[in-house]
Amino acid sequence: MITILDYGLGNVGSIQNMLKKVGTKSRISSEAHILNTSTALIIPGVGSFDTGINLLEKKGLTDILSELALETKIPILGICLGMQLMTQESEEGKKKGLGWINASTNKLPRHSGKVPN
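As the structure is a prediction and not an experimental result, all values here were calculated from the model.

Once that is clear, we can look at the environment of I43. Turning to its location among the elements, I43 is positioned in strand β3 (residues 40-43). Given the relative accessible area of 1%, I43 is considered buried. In sequence terms I43 and D6 are 37 residues apart; their C-alpha atoms lie 7.9 Å from each other. Sequence-distant contacts of I43, defined by excluding residues within four places in its chain, comprise L5, Y7, I76, L77, G78, I79, G82, M86 and W100.

Structure follows, in structure tokens:
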């Protein structure tokens, strides 16, 4: 079953509603024993990089998430901040990311228009 990670950032209910609308069962959790039985994982997120990493660390999720990503290799979809947390680091933070992707998250360059959400 698809698990939507609830670590305190992101609208997990909206993601679950979207999955339900397309006929896919899902659950919302941040408990290791639930994550371990997942067939896929969605990591949402809205907010700052450091806040996201701090919440994952505070909830004790970094090790289980890395095990699922790197050893078990279940499919993981990162949405917004969730994807950024998978990188090594971010220009917008001081903390190290999960490091699953050998990349850095960079700020969008300034331009004359409005930066999209």
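The discussion continues.
Inspection of every chain in the model, using the stated rule, returns 2 salt bridges. Among the ionic pairs, K95 bridges to E57, the shortest N-O distance being 2.9 Å. Of the two residues, K95 sits in the loop between β5 (87-90) and β6 (101-105) while E57 sits in helix α3 (residues 49-58), which places them 38 residues apart along the sequence. Here K95 falls in the partly exposed class, since its relative accessible area comes to 28%. A relative accessible area of 39% places E57 in the partly exposed class. A salt bridge links K96 to E89; the shortest N-O distance between them is 3.4 Å.

Scoring rules and cut-offs
- Starting from 1, residues in each chain are numbered consecutively following that chain's sequence as written.
- Only residues with pLDDT of at least 70 are given local features in this predicted model, and only at 80 or more are side-chain atom pairs given and counted; all residues enter the totals for whole chains, interfaces and linings.
- With hydrogens and water stripped out, all remaining heavy atoms of the structure feed into the side-chain values.
- Here a helix means four or more residues in a row that DSSP labels H or I, a strand means two or more in a row labelled E, and each is numbered from the N terminus.
- For every residue, the accessible area obtained with a 1.4 Å probe (protein chains only) is divided by the maximum for its type, and the residue is called buried under 20%, exposed over 50%, and partly exposed between those limits.
- Whether two residues are in contact is decided by their heavy atoms, any of which lying within 4.5 Å being enough.
- By definition here, a salt bridge exists when the distance from a side-chain nitrogen of Lys or Arg to a carboxyl oxygen of Asp or Glu is within 4 Å.

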